[in-house]
Amino acid sequence: MGKSEGHGEKWHGHVTALTVAPEYRRLGLAATFMSALEEISEKKRAYFVDLFVRVSNKVAVDMYKQLGYSVYRRVLEYYSGDPDEDAFDMRKALSMDTEGKSVIALQHPVRPEDVE
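Residues numbered from 1 in each chain as written. Predicted model: local features only at pLDDT ≥ 70, side-chain atom pairs only at ≥ 80, totals over all residues. Heavy atoms only, no water.

A. Quick peek at the environment of Val61. Here Val61 is to be found in helix α2 (residues 58–66). Put simply, Val61 and Met34 are 27 residues apart on the chain and 14 Å apart in space, counted from C-alpha to C-alpha. (Helix = DSSP H or I, 4+ residues; strand = E, 2+ residues; numbered from the N terminus.)

So this is what it looks like as C-alpha coordinates:
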(Lines give C-alpha, C1' and ligand atoms only; values in the text may rest on other atoms or scores of the structure.)
Protein backbone atom coordinates (compact mmCIF):
# COMPACT_ATOMS: atom_id res chain seq x y z
CA MET A 1 0.00 0.00 0.00
CA GLY A 2 1.33 3.41 -0.84
CA LYS A 3 0.47 7.06 -1.21
CA SER A 4 1.76 10.34 -2.60
CA GLU A 5 2.79 13.13 -0.25
CA GLY A 6 4.98 16.21 0.13
CA HIS A 7 5.35 19.45 -1.82
CA GLY A 8 7.75 20.75 -4.46
CA GLU A 9 10.94 18.71 -4.69
CA LYS A 10 9.73 16.67 -1.69
CA TRP A 11 6.67 15.42 -3.63
CA HIS A 12 7.09 11.65 -3.55
CA GLY A 13 5.55 8.21 -3.44
CA HIS A 14 5.64 6.58 -0.02
CA VAL A 15 5.38 2.88 0.76
CA THR A 16 3.05 2.70 3.76
CA ALA A 17 3.22 -1.08 4.12
CA LEU A 18 4.39 -4.06 2.12
CA THR A 19 3.93 -7.57 3.45
CA VAL A 20 4.01 -10.86 1.59
CA ALA A 21 2.79 -14.04 3.29
CA PRO A 22 5.62 -16.54 3.88
CA GLU A 23 4.24 -19.10 1.42
CA TYR A 24 4.30 -16.48 -1.38
CA ARG A 25 7.77 -15.05 -0.76
CA ARG A 26 10.61 -15.31 -3.28
CA LEU A 27 8.14 -15.17 -6.19
CA GLY A 28 8.83 -11.56 -7.10
CA LEU A 29 5.57 -10.20 -5.68
CA ALA A 30 7.22 -7.47 -3.60
CA ALA A 31 9.24 -6.32 -6.62
CA THR A 32 6.05 -6.24 -8.70
CA PHE A 33 4.25 -4.14 -6.08
CA MET A 34 7.21 -1.77 -5.78
CA SER A 35 7.42 -1.39 -9.55
CA ALA A 36 3.72 -0.53 -9.70
CA LEU A 37 4.10 2.17 -7.03
CA GLU A 38 7.15 3.57 -8.84
CA GLU A 39 5.21 3.73 -12.13
CA ILE A 40 2.27 5.50 -10.49
CA SER A 41 4.68 7.89 -8.74
CA GLU A 42 6.33 8.66 -12.09
CA LYS A 43 2.92 9.45 -13.60
CA LYS A 44 2.20 11.76 -10.67
CA ARG A 45 5.56 13.48 -11.37
CA ALA A 46 7.04 12.53 -7.99
CA TYR A 47 10.73 13.09 -7.33
CA PHE A 48 11.37 9.86 -5.44
CA VAL A 49 9.81 6.88 -3.67
CA ASP A 50 10.64 6.24 -0.03
CA LEU A 51 9.92 3.70 2.68
CA PHE A 52 10.90 2.93 6.24
CA VAL A 53 12.28 -0.48 7.21
CA ARG A 54 13.63 -1.89 10.45
CA VAL A 55 17.43 -1.79 10.54
CA SER A 56 17.38 -5.41 11.72
CA ASN A 57 15.35 -6.58 8.69
CA LYS A 58 18.37 -7.47 6.58
CA VAL A 59 16.33 -9.51 4.09
CA ALA A 60 14.09 -6.52 3.29
CA VAL A 61 16.97 -4.01 3.28
CA ASP A 62 18.89 -6.20 0.82
CA MET A 63 15.80 -6.65 -1.38
CA TYR A 64 15.19 -2.90 -1.53
CA LYS A 65 18.86 -2.32 -2.41
CA GLN A 66 18.50 -4.83 -5.27
CA LEU A 67 15.52 -2.79 -6.46
CA GLY A 68 17.65 0.36 -6.58
CA TYR A 69 16.88 1.91 -3.19
CA SER A 70 19.57 3.35 -0.95
CA VAL A 71 19.67 4.38 2.69
CA TYR A 72 18.91 8.10 2.88
CA ARG A 73 18.99 8.35 6.68
CA ARG A 74 18.68 6.43 9.92
CA VAL A 75 15.72 7.33 12.14
CA LEU A 76 16.45 6.62 15.78
CA GLU A 77 13.85 4.65 17.77
CA TYR A 78 11.31 4.86 14.92
CA TYR A 79 9.66 1.56 15.86
CA SER A 80 8.19 1.20 19.34
CA GLY A 81 9.05 -1.92 21.30
CA ASP A 82 11.19 -3.31 24.05
CA PRO A 83 13.66 -2.03 23.10
CA ASP A 84 12.68 0.56 20.49
CA GLU A 85 14.27 -0.02 17.10
CA ASP A 86 15.82 2.28 14.50
CA ALA A 87 14.60 2.46 10.92
CA PHE A 88 16.30 3.14 7.64
CA ASP A 89 14.56 5.69 5.43
CA MET A 90 15.34 4.22 2.01
CA ARG A 91 14.79 6.11 -1.23
CA LYS A 92 14.90 5.68 -4.96
CA ALA A 93 15.12 8.74 -7.21
CA LEU A 94 12.65 9.06 -10.07
CA SER A 95 13.04 10.87 -13.38
CA MET A 96 11.84 14.24 -11.97
CA ASP A 97 14.93 14.28 -9.74
CA THR A 98 17.39 14.82 -12.57
CA GLU A 99 20.27 15.60 -10.18
CA GLY A 100 19.58 12.84 -7.67
CA LYS A 101 19.26 15.33 -4.80
CA SER A 102 16.56 13.30 -3.05
CA VAL A 103 18.86 10.35 -2.42
CA ILE A 104 21.98 12.10 -1.14
CA ALA A 105 22.43 10.36 2.21
CA LEU A 106 22.35 12.38 5.41
CA GLN A 107 25.47 11.94 7.53
CA HIS A 108 23.76 11.96 10.93
CA PRO A 109 20.73 10.08 12.24
CA VAL A 110 17.50 11.93 13.00
CA ARG A 111 14.72 11.53 15.56
CA PRO A 112 11.17 10.56 14.50
CA GLU A 113 9.92 14.06 15.32
CA ASP A 114 12.40 15.44 12.76
CA VAL A 115 10.97 13.33 9.92
CA GLU A 116 8.88 15.44 7.53
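B. Local environment of the layout of surface pockets. One number sums up the size of the largest pocket: a volume of about 760 Å³. For the largest pocket, the lining is made up of 28 residues, of which Leu18, Ala30, Ala60, Met63 and Tyr64 are closest to its centre. When residues of the lining of the largest pocket are traced back to their parent elements, those giving at least two are β2 (12–15), α1 (29–43), β3 (48–54), α2 and β4 (70–79). When residues of the lining of the largest pocket are assigned to their parent elements, the largest contribution, five residues, is made by α2. Residues that form the lining of the largest pocket fall into these classes: 19 nonpolar, six polar and three charged. In terms of lining, the second largest pocket is formed by 22 residues, of which the most central are Glu9, Lys10, Phe48, Arg91 and Ser102. When residues of the lining of the second largest pocket are traced back to their parent elements, those giving at least two are β2, β3, β4 and β5 (85–93). If one sorts the elements of the lining of the second largest pocket by residue count, β3 sits on top with three residues. For the lining of the second largest pocket, a count of residues per class yields six nonpolar, five polar and 11 charged. (1 Å grid on protein atoms, 1.4 Å probe; cavity = no way out; pocket = protein on both sides within 12 Å on 5 of 7 lines; lining within 4 Å. Points joined across faces, edges and corners; volume = space filled by probe spheres on them. Nonpolar A, V, L, I, M, F, W, Y, C, P; charged D, E, K, R; others polar.)

C. Region of the structure containing the pattern of salt bridges. If you walk through the whole model with that rule in mind, you get 11 salt bridges. The partner of Glu38 in a salt bridge is Lys92, with the nearest N and O atoms 3.1 Å apart. Of this pair, Glu38 sits in helix α1 while Lys92 sits in strand β5, and the two are 54 residues apart along the sequence. Bridged by salt links that share partners, the residues Arg73, Asp89 and Arg91 form one connected network. (Salt bridge = Lys/Arg side-chain N within 4 Å of Asp/Glu carboxyl O.)

D. Inspection of the nonpolar core at higher detail. One finds Leu51, Val53, Tyr64, Tyr69 and Met90 to be the most contacted residues of the largest nonpolar core, which totals 14 residues. Every element with two or more residues in this core is listed here: α1, β3, α2 and β5. (Core = buried A, V, L, I, M, F, W, Y, C linked by side-chain atoms within 4.5 Å. Buried < 20%, exposed > 50% of the residue type's maximum accessible area, 1.4 Å probe, protein only.)

E. View of a nonpolar patch on the surface. Judged by side-chain polarity, Tyr24, Leu27, Leu29 and Phe33 come together as a nonpolar surface patch covering roughly 410 Å² of accessible area. In this fold, Leu29 is placed in helix α1. (Patch = residues over 30% accessible without salt bridge, like charges linked within 9 Å, V, L, I, M, F, W, Y side chains within 5 Å. Areas by Shrake-Rupley, 256 points an atom, 1.4 Å probe, with all protein chains shown as cover.)

F. Region of the structure containing the sheet that holds β3. One open sheet accounts for five strands, arranged β1-β2-β3-β5-β4; its pairing is mixed. Only two strands of the sheet have a single partner each, and these edge strands are β1 (2–5) and β4. With strand direction ignored, the average angle separating the axes of adjacent strands in the sheet is 25°. For β1 and β2, the ladder comprises four bridges, and the chain directions are antiparallel. Bridged to Glu5 within β2 is His12. The strands touched by α2 within the sheet are β3, β4 and β5, with β3 carrying the most contacts at an inclination of about 165°. (Pairing = 2+ DSSP bridges. Axes fitted to C-alpha atoms, helices over the stretch in contact; angles between N-to-C directions. Contact = heavy atoms within 4.5 Å.)

G. Region of interest: the pairing of β5. Counting buried positions along β5 yields seven of nine residues, so the element is predominantly enclosed. By the bridge criterion, seven bridges tie β3 to β5 in an arrangement that is antiparallel. Note that in β5 the partner of Leu51 across the bridge is Met90. In terms of strand pairing, β4 meets β5 through six bridges, oriented antiparallel. If you follow Val75 over to β5, its bridge partner there is Ala87. Linking two consecutive strands that pair antiparallel, namely β4 and β5, is a turn of five residues.

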